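Spelled out, the chains give:
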Amino acid sequence: YQSVPPSVNANFFLAWTVTGLVFLVPGAISQVLLVEGSKDALAEERAPEVPVDHEPAAGRAREALAFSLGLAIVAWLGSLVAGKVVIAVFGDAYRETARLLPSLVVAGIPWAITSVRLSEARIRRDQFATVAITATLGLGILIPTILFVPASHSTVAATRSWIAGNVAACLVAVLVHQRGS
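Residues numbered from 1 in each chain as written. Predicted model: local features only at pLDDT ≥ 70, side-chain atom pairs only at ≥ 80, totals over all residues. Heavy atoms only, no water.

Attention now goes to the overall build of the chain. Across its full length, the chain holds 6 helices and 0 strands. Mapped from its N terminus to its C terminus, the chain presents α and β elements in the order α-α-α-α-α-α. Buried residues in the chain amount to 38% of all 181 residues. Of the contacts formed within the chain by residues at least 6 apart in sequence, a portion of 80% connects residues at least 24 apart. Accessible area for the chain stands at about 10,100 Å²; split by element, carbon and sulfur atoms hold 71% of it. (Helix = DSSP H or I, 4+ residues; strand = E, 2+ residues; numbered from the N terminus. Buried < 20%, exposed > 50% of the residue type's maximum accessible area, 1.4 Å probe, protein only. Contact = heavy atoms within 4.5 Å. Areas by Shrake-Rupley, 256 points an atom, 1.4 Å probe, with all protein chains shown as cover.)

A few words on the side chain of T130. Relative to the helices and strands, T130 resides in helix α5 (residues 127–152). Overall, the relative accessible area of 17% leaves T130 in the buried class. Within polar-contact distance, the side chain of T130 engages the backbone oxygen of D126 at 3.0 Å. Every residue in contact with T130, bar those within four places of it in the chain, is listed here: L118, A121 and R122. (Polar contact = N/O pair within 3.5 Å; in protein donor to acceptor, adjacent residues only side chain to side chain.)

Moving on: the pattern of salt bridges. For the structure on display, the rule yields 5 salt bridges. In this structure, D126 and R124 form a salt bridge, with 3.3 Å as the shortest nitrogen-oxygen distance. A single salt-bridge network, built from bridges that share partners, covers R124, D126 and R179. (Salt bridge = Lys/Arg side-chain N within 4 Å of Asp/Glu carboxyl O.)

What follows deals with the packing of aromatic side chains. The final tally for this structure, using the stated rule, is 5 aromatic pairs. Ring geometry for F12 versus W16: centroids 5.8 Å apart, planes at 15°, classification stacked. With a gap of 4 residues between them, F12 and W16 both fall in helix α1 (residues 6–46), about one helical turn apart. Here the aromatic cluster, defined as three or more aromatic residues joined through ring pairs, consists of F12, W16, F23, W111 and W162. (Phe/Tyr/Trp six-rings, centres within 6.5 Å; stacked < 30°, edge-to-face > 60°.)

A negative phi angle characterises most non-glycine residues, just as the trans form characterises most peptide bonds. Phi at R125 takes a positive value of approximately 60°, unusual for a residue other than glycine. By the secondary structure assignment, R125 is in the loop between α4 (108–123) and α5. Residue R125 is classed as exposed on the basis of its relative accessible area, which comes to 57%.

Structurally, S119 is set in helix α4. Ignoring sequence-local partners within four residues, the contact set of S119 consists of S30, Q31, L33 and L34.

So, on to the confidence of the model for the chain. Of all residues in the chain, 86% attain a pLDDT of 70 or more, and the chain-wide mean is 87. α1 is the least confidently modelled element of the chain, averaging 81 in pLDDT, while helix α3 (residues 95–105) averages 95, the highest of any element. (pLDDT = per-residue confidence, 0-100.)

Across soluble globular proteins, you tend to see nonpolar side chains buried next to one another. With 14 residues, the main nonpolar core has F12, A15, F23, L104 and W162 as its most contacted residues. Those elements that provide at least two residues to this core are α1, α3, α5 and α6 (155–180). The leading source of residues in this core is α3, at 4 residues. (Core = buried A, V, L, I, M, F, W, Y, C linked by side-chain atoms within 4.5 Å.)

Packing of α4 against α5 brings their axes to within 9 Å, and their N-to-C directions diverge by 150°. Here α4 lies roughly antiparallel to α5, going by the angle between them. Handedness of the crossing formed by α4 with α5: left-handed. Seen from α4, the contacting residues are W111, T114, R117, L118, A121 and R122; seen from α5, they are A129, T130, I133, T134 and L137. A breakdown of the residues in the contact of α4 with α5 according to their chemical character gives 6 nonpolar, 3 polar and 2 charged. (Axes fitted to C-alpha atoms, helices over the stretch in contact; angles between N-to-C directions. Parallel < 35°, antiparallel > 145°, perpendicular 65-115°, else oblique. Left-handed = near helix turned anticlockwise from the far one by under 90°. Nonpolar A, V, L, I, M, F, W, Y, C, P; charged D, E, K, R; others polar.)

A few words on the environment of V167. One can find V167 in helix α6. In this structure, the C-alpha to C-alpha distance between V167 and W111, residues 56 residues apart in sequence, is 7.7 Å.

Below, the structure written as C-alpha cells:
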C-alpha cells in the first residue's frame with residue numbers, strides 16, 4: 001500500500017533532496033563553531049590565565065549566526081527561482097516540486113538559528129539545552145507527520161510538519177540560549 005501516488009513522491013523527493021543539501025550549510029558552519037569553541041573551552045580549562053589571541057566564542061557565534069541566517073535567506077530566495085528551473089528542465093510533471101521547494105527550504109531559516117544555538121549548548125556542555133533542542137526538533141517534525149500525513153495523503157501535511165518542527169526547535173533553542181547566557 002502506498003499512501004501517495006508515485007508522481008507526488010517524485011516531486012516531494014526532488015524538493016526534499018535539494019532541501020537536504022541546503023540544510024548542510026548551516027550545519028557545517030555550526031560544526032566549525034563547535035570545533036573552534038571546544039578548543040577555546042579546553043584551552044581555558046587548561047590555562048585560564050592565558051589570554052585568547054583571537055575572537056572569543058560569543059563573537060564567533062554571532063558571526064556564524066549572521067552568516068547562516070544570511071545564507072538561509074538567500075537559499076530560500078534561490079529556491080523560488082530554482083522551482084522554475086526544475087519545471088524548465090524536467091517538464092510540467094514537476095510543477096509540484098516548484099511549489100514544494102520554497103516551502104521546505106524556508107525551514108532553513110529557523111534551522112540556521114537552531115544549529116548555531118545547538119553548537120553553543122554543546123560548547124557549554126549544557127546537556128539540558130542539547131536534549132531539549134534535539135528532542136523538540138525530532139518530535140516537532142515526527143508527531144505532526146504521524147498524525148496528519150497518513151490522513152491527508154498529500155505533501156502539504158509533511159511540509160507543514162517540517163516547518164513546524166524547525167520553528168519549534170528554533171524557539172526552544174532561543175529560550176535555552178537565553179537561560180544559559
